[in-house]
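Take a look at the letters that make up each chain.
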Amino acid sequence: MPLHVPPAPAPALRSVLAALGSPTAVHEAHTPALRTVQGPLTAELPLPVHVIDRLHTSNLAAGGRPPRTRLTAWRFLIRSGDRFVAAADTRLTADGWTFSHFFEGPYVTATERALRQAESLGTGYQPRLLSVPELYMLTLWLHGAVGADAAAGLPAAADLLVPLAPAPPGIAAFRPHTVSELLPVLTHRLTRQAPPVPPPVAAPAA
């Protein structure tokens, strides 16, 4: 089932397109792939980037609510031909959303892979990114409320989290888990009482 990719704020997209059209911005980026690519570049698959604040204080393992999250960026994957070669982040300033920086590396290919995997789950989701700074971890957050405001909202217990590679030791990348299963594992890990990682949510047979 197709993912319901949320529309990005128009100023965020415009700022990324302007940066892609700027030889100075592309040349100064720490992204060799952008500097050497031939042909046009496009910005696709906008994803809101949310951050979990103070995961170690969450009481989700005891049946409480998930920890608070906050929107920190909109991220676009940069396509050249038939592949994604980099990503672009935007940030919110007093003047609105504006281009922040380009980057490349494993999270670009991992995000693409996780999105393709999510399309095979058989359920409609709104894709987001959820960062856990305390564990240096990034996940694809598959939010069940497909029509929700992509800039707001808490992870629901039945939402899926897909750890992206590289994942923390002991956490398998690309295995989807419900929020109610995975966040307690991460919380316990921070308190050095990590329980076994729960079984992944199985995708339906093709």
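Refer to the structure presented above.
These lines cover the structure that appears in this document, whether it is placed above or below. (Residues numbered from 1 in each chain as written. Predicted model: local features only at pLDDT ≥ 70, side-chain atom pairs only at ≥ 80, totals over all residues. Heavy atoms only, no water.)

## A word on the side chain of arginine 75
Here is step 1 of the chain: One can find arginine 75 in strand β2 (residues 69-80).
Here is step 2 of the chain: A relative accessible area of 12% means that arginine 75 is categorised as buried.
Here is step 3 of the chain: A polar side-chain atom of arginine 75 sits 2.7 Å from a polar atom in the side chain of aspartate 89.
Here is step 4 of the chain: Those residues within four positions of arginine 75 in sequence are excluded, and the remaining contacts are Leu45, Pro46, Leu47, Val49, Ala87, Ala88, Asp89, Phe103, Leu129 and Leu138. (Helix = DSSP H or I, 4+ residues; strand = E, 2+ residues; numbered from the N terminus. Buried < 20%, exposed > 50% of the residue type's maximum accessible area, 1.4 Å probe, protein only. Polar contact = N/O pair within 3.5 Å; in protein donor to acceptor, adjacent residues only side chain to side chain. Contact = heavy atoms within 4.5 Å.)

## What to know about the pattern of salt bridges
Here is step 1 of the chain: Under the definition given, this model contains three salt bridges.
Here is step 2 of the chain: Note that arginine 75 and aspartate 89 form a salt bridge whose closest N and O atoms lie 2.7 Å from each other. With arginine 75 in strand β2 and aspartate 89 in strand β3 (residues 83-93), this pair connects stretches of sequence that are 14 residues apart. For the residue pair arginine 75 and aspartate 89, the accessibility class agrees, reading buried in each case.
Here is step 3 of the chain: Of the charged contacts, one joins glutamate 112 and arginine 116 as a salt bridge, the two residues approaching to 3.0 Å between their closest N and O atoms. With glutamate 112 and arginine 116 both in helix α4 (residues 106-118) and four residues apart, the pair spans about one turn of that helix.
Here is step 4 of the chain: Among the residues examined, arginine 116 registers a relative accessible area of 52% and is labelled exposed. (Salt bridge = Lys/Arg side-chain N within 4 Å of Asp/Glu carboxyl O.)

Shape descriptors only; they carry no functional weight alone.
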